[in-house]
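The chain contents come next:
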Amino acid sequence: MFPTVIQLIPFLLFTSTFFPVFGIQCYRCLPKAVPNTNNQTTSLEPCSQFDGSSKFVIDCPLSTFCMKRNFTLEFPDGRNAIVTERGCAQQSFSYRVLKRGQWQTINDVNETIYQDGCILEHQGTKPPTQYCYCSSRLCNAASTVQSNLLICFFLLLVYYIL
């Protein structure tokens, strides 16, 4: 007998929380638009125009976390602006090794450098910078980075009630 869709929900929820070791998809945008160059196929969009569409999606082959950074720009006239940046969390480092007489570049990904959640970094008298990290696909869209655990809990609750 084949399982029903309702019976497969816990399995699908459990497996959807895992991501391949080779990377994750995140949203990417910068405080200011960057026009495309010869090496880029698309321009980098400003976060002020962020709408969650596919033009903001980027593959992060050397990261298992997405990042969202909120910081304050201070202008000479005394005005401040809170600015957002989204992208892949920096987790990789490269080094070269000599193998069989040939130098090879090795890229390692540190998967334990971040945890899901937000931290504040204080820099002297400047306003703090907020860094948020999350480990699920396209998780850096919200104004506050949220975990998929709440969604999983809700769906499991609905499953057991039905």
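Quick notes on the rules
Residues numbered from 1 in each chain as written. Predicted model: local features only at pLDDT ≥ 70, side-chain atom pairs only at ≥ 80, totals over all residues. Heavy atoms only, no water. Pairing = 2+ DSSP bridges. Helix = DSSP H or I, 4+ residues; strand = E, 2+ residues; numbered from the N terminus. Disulfide = S-S within 2.5 Å. Buried < 20%, exposed > 50% of the residue type's maximum accessible area, 1.4 Å probe, protein only. pLDDT = per-residue confidence, 0-100. Contact = heavy atoms within 4.5 Å. Phe/Tyr/Trp six-rings, centres within 6.5 Å; stacked < 30°, edge-to-face > 60°. Lys NZ or Arg CZ within 6 Å of the ring centre and 35° of its normal.

1. Brief notes about the pairing of strand 6 (residues 102-109)
- Relative to strand 6, strand 5 (residues 92-99) runs antiparallel, the two sharing eight bridges. Looking at the pairing, V97 lines up with Q104 of strand 6.
- Following strand 5, the chain reverses through two residues before pairing antiparallel with strand 6; R100 in that reversal takes a positive phi of roughly 50°.

2. What to know about the state of the cysteines
- All told, the structure shown has five disulfides when counted by the stated rule.
- Sulfur-sulfur distance for the disulfide between C29 and C47 comes to 1.9 Å. An S-S torsion of about 90° defines the bridge between C29 and C47 as right-handed. Of this pair, C29 sits in the loop between strand 1 (24-27) and strand 2 (57-60) while C47 sits in the loop between strand 1 and strand 2, and the two are 18 residues apart along the sequence.
- Put simply, C60 and C88 are joined by a disulfide, and their sulfur atoms are 1.8 Å apart. On the sign convention where negative is left-handed, the bridge of C60 and C88, at about -75° about the S-S bond, is left-handed. Within this pair, whereas C60 is found in strand 2, its partner C88 is found in strand 4 (residues 80-88), the two being separated by 28 residues in sequence.
- When its relative accessible area of 28% is taken as the criterion, C88 is described as partly exposed.
- When the cysteines of the protein chain that form disulfides are numbered from the N-terminus onward, they connect as 1-5, 2-3, 4-6, 7-8, 9-10.

3. Some points on unusual backbone geometry
- Notably, R100 is not glycine yet its phi reads approximately 50°, a positive angle.
- Note that R100 resides in the loop between strand 5 and strand 6.
- Overall, the relative accessible area of 87% leaves R100 in the exposed class.
- A positive phi angle, close to 55°, is found at L138, a residue other than glycine.
- You can see L138 is positioned in the loop between strand 8 (126-134) and helix 2 (149-161).
- Overall, L138 belongs to the buried group, its relative accessible area being 18%.

4. Re the confidence of the model for the protein chain
- In the predicted model, the protein chain carries a mean pLDDT of 79, and 69% of its residues have values of at least 70.
- Within the protein chain, the lowest mean pLDDT, 42, falls on helix 2, and the highest, 96, falls on strand 1.
- Within the model, pLDDT remains below 50 along residues 144-160, and this stretch shows 17 contacts once partners closer than five positions in the same chain are excluded.

5. Re the environment of V97
- Of note, V97 is situated in strand 5.
- Residue V97 is classed as partly exposed on the basis of its relative accessible area, which comes to 21%.
- When neighbours within four sequence positions are excluded, V97 is seen to be in contact with Q102, W103, Q104 and I106.

6. With respect to the packing of aromatic side chains
- Counting across every chain of the model gives six aromatic pairs.
- Seen from their ring centres, F93 and Y95 are 5.9 Å apart, and the 25° between their planes marks the pair as stacked.
- An angle of 15° between the planes, with centres 4.0 Å apart, marks the rings of Y114 and Y133 as stacked. Pair noted here: Y114 is in the loop between strand 6 and strand 7 (117-123) and Y133 is in strand 8, with a separation of 19 residues, a long-range link. Per residue, the accessibility class of Y114 equals that of Y133, and both read buried.
- Aromatic rings pair up to connect F65, Y114, Y131 and Y133 into one cluster.
- A cation over a ring is seen here: R86 above F50, with NZ or CZ 3.9 Å from the ring centre.

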